[in-house]
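As a plain string of letters, each chain reads:
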Amino acid sequence: MLNRIILMGRLTRDPELRHTQQGTAVASFTLAVDRDFKGRDSGERATDFIDIVAWRSTAEFVSKYFTKGRMAVVEGRLQIRDWTDRDGGKRRSAEVIADNVYFGDSKRDGESTGGSYSRAAAPAPVDYGMPVGDQFAELTDDDGDLPF
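Undergrad: Describe the pattern of salt bridges, with residues and values.
TA: Within the structure shown, the criterion is met by 7 salt bridges. For Asp105, the salt bridge goes to Arg10, with nearest N and O atoms at 4.0 Å. Pair noted here: Asp105 is in the loop between β6 (90-103) and β7 (116-118) and Arg10 is in strand β1 (residues 5-11), with a separation of 95 residues, a long-range link. With relative accessibility at 23%, the residue Asp105 sits in the partly exposed group. The partner of Glu16 in a salt bridge is Arg18, with the nearest N and O atoms 3.6 Å apart. Classification of Arg18 as partly exposed rests on a relative accessible area of 37%. Here the residues in one salt-bridge network are Arg10, Arg70 and Asp105, joined through shared partners.

Printed below as a string of structure tokens:
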């Protein structure tokens, strides 16, 4: 089965960074995502407001580099939560758990450099047994004919 979602929209407010009792960072924010089509009656595009939750270093990255109005691309999974409100009524909420968050617009003047951050660590370089640096040699047996 597959539960994968990719969204692009603007933050409706600055991300809210909190920490669990164990010290794990969690950031929450909302994306305003325009639909691809215009409504029949109004002729305007409808906008969906989607709650996003990011954990650990992704949460810290989002809270450091993203602010209200900034365009973001979020990759993650959809999660449905059941909960009880103050009046005892059963409620249901949908939110996206962000795995990756990318900048969706160009860097603004005066902002720090950034990029994207994934919850997965960068893979270690693979050693293919190839020479490194100045150890490359020029090929001298080139016959000039192309193989096709």
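There is more to say, and it comes next.
Undergrad: Hey, could you go over the packing of aromatic side chains for me, with residue numbers and the actual values?
TA: For the structure on display, the rule yields 5 aromatic pairs. Pairing Phe61 with Phe66 gives two aromatic rings, centres 5.9 Å apart and planes at 70°, and the pair type is edge-to-face. Among the residues examined, Phe61 registers a relative accessible area of 9% and is labelled buried. Through a chain of ring-to-ring contacts, the aromatic side chains of Phe61, Tyr65, Phe66 and Phe103 assemble into a single cluster.

Undergrad: Pulling in residues and values, what's your account of helix α1 (residues 56-65)?
TA: The set of residues buried in α1 consists of Thr58, Ala59, Phe61, Val62 and Tyr65. Looking down the long axis of α1, one finds its buried residues gathered within 160° of arc, a one-sided arrangement. Among the exposed residues of α1, those pointing more than 90 degrees away from its buried face are Arg56 and Lys64.

Undergrad: Can you explain the environment of Arg70? Please cite residues and give values.
TA: In this structure, Arg70 sits in the loop between α1 and β5 (71-84). For the pair Arg70 and Leu31, spaced 39 residues apart in sequence, the C-alpha to C-alpha distance is 9.5 Å.

Undergrad: Quick rundown of the environment of Ala94? Include the residues and the values.
TA: With respect to the helices and strands, the residue Ala94 is situated in strand β6. By relative accessible area, which is 43% here, Ala94 ends up partly exposed. Setting aside its immediate chain neighbours within four residues, Ala94 contacts Asp51, Leu78, Gln79 and Ile80.

Undergrad: How would you explain the nonpolar core if you had to name every residue and give the values?
TA: Formed by 19 residues in total, the largest nonpolar core has its most connected members in Phe29, Leu31, Ile52, Phe66 and Val74. The set of elements that each furnish at least two residues to this core consists of β1, β3 (25-38), β4 (45-55), α1, β5 and β6. The greatest single-element share of this core, amounting to 5 residues, is contributed by β3.

Each value, and the rule that gives it
Residues numbered from 1 in each chain as written. Predicted model: local features only at pLDDT ≥ 70, side-chain atom pairs only at ≥ 80, totals over all residues. Heavy atoms only, no water. Salt bridge = Lys/Arg side-chain N within 4 Å of Asp/Glu carboxyl O. Helix = DSSP H or I, 4+ residues; strand = E, 2+ residues; numbered from the N terminus. Buried < 20%, exposed > 50% of the residue type's maximum accessible area, 1.4 Å probe, protein only. Phe/Tyr/Trp six-rings, centres within 6.5 Å; stacked < 30°, edge-to-face > 60°. Arc of directions from axis to C-beta. Contact = heavy atoms within 4.5 Å. Core = buried A, V, L, I, M, F, W, Y, C linked by side-chain atoms within 4.5 Å.

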